[in-house]
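Results of the structural survey
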Amino acid sequence: MAHVFGVELWRCGAPPPFVLTALAYLERHLTAEGLFRVNGSMVDAEALRARLERDKQVDFTTPPTEVYTVATLVKQWINEIPGSLLTSNLHDAFEVALSISDTEVRRRNCKDVLCNLPNTHLCVLKTMIGFFLKVIAKNDQNKMNAANLAIGLHCLLQTHPPCNPKAVFGP
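What this report covers is the structure whose coordinates are included nearby. (Residues numbered from 1 in each chain as written. Predicted model: local features only at pLDDT ≥ 70, side-chain atom pairs only at ≥ 80, totals over all residues. Heavy atoms only, no water.)

A few points about the overall build of the protein
In terms of regular secondary structure, the protein is built from 10 helices and 0 strands. Reading the protein from its N terminus to its C terminus gives the helix and strand order α-α-α-α-α-α-α-α-α-α. Relative to its 171 residues, the protein shows a buried fraction of 42%. Taken as a whole, the protein presents about 9000 Å² of accessible surface, with 57% of it coming from carbon and sulfur. (Helix = DSSP H or I, 4+ residues; strand = E, 2+ residues; numbered from the N terminus. Buried < 20%, exposed > 50% of the residue type's maximum accessible area, 1.4 Å probe, protein only. Areas by Shrake-Rupley, 256 points an atom, 1.4 Å probe, with all protein chains shown as cover.)

Now the structure itself:
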């Protein structure tokens, strides 16, 4: 059985093909209000998840999948990344870098820390941040500003224990 959720990034590719497919699908729906706040159908999400775990890939266009259900799958995948994108040995260094008050020094120190991430982790982080920037660019329509998405990014950056998605994204 192929596993996609809860798999170490180096084992599944970074990001796995399903995430790239899901983000491409979501990119065609960036104006959907509450894109990462509104929960999709849990029944549909579980069915798609079962297919993904079996086949590693799903076509979201036939039949068309509700955009919020695809976003729910992406949130689940993010939440279930073992550990954190910021590996435990870099977490403290990243927190120190973020605490620097001088913007330019903070930016430079954060880049230095990120350069020490494993390539798979850095690739996922870049992919997700790039996608979230596209979402933010449409915030006048989707109501998903940087503050809303920062909550979602928290799951990408945290260390154990995993965050509670209901606490982050609502019931």
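Thoughts on the environment of Ile136
With respect to the helices and strands, Ile136 occurs in helix H7 (residues 119-137). For Ile136, a relative accessible area of 25% puts it in the partly exposed group. Taking C-alpha positions, Ile136 is 8.0 Å from Leu149, a pair spaced 13 residues apart along the chain. Not counting residues up to four positions away in its chain, the partners in contact with Ile136 are Met144, Asn145, Ala146 and Leu149. (Contact = heavy atoms within 4.5 Å.)

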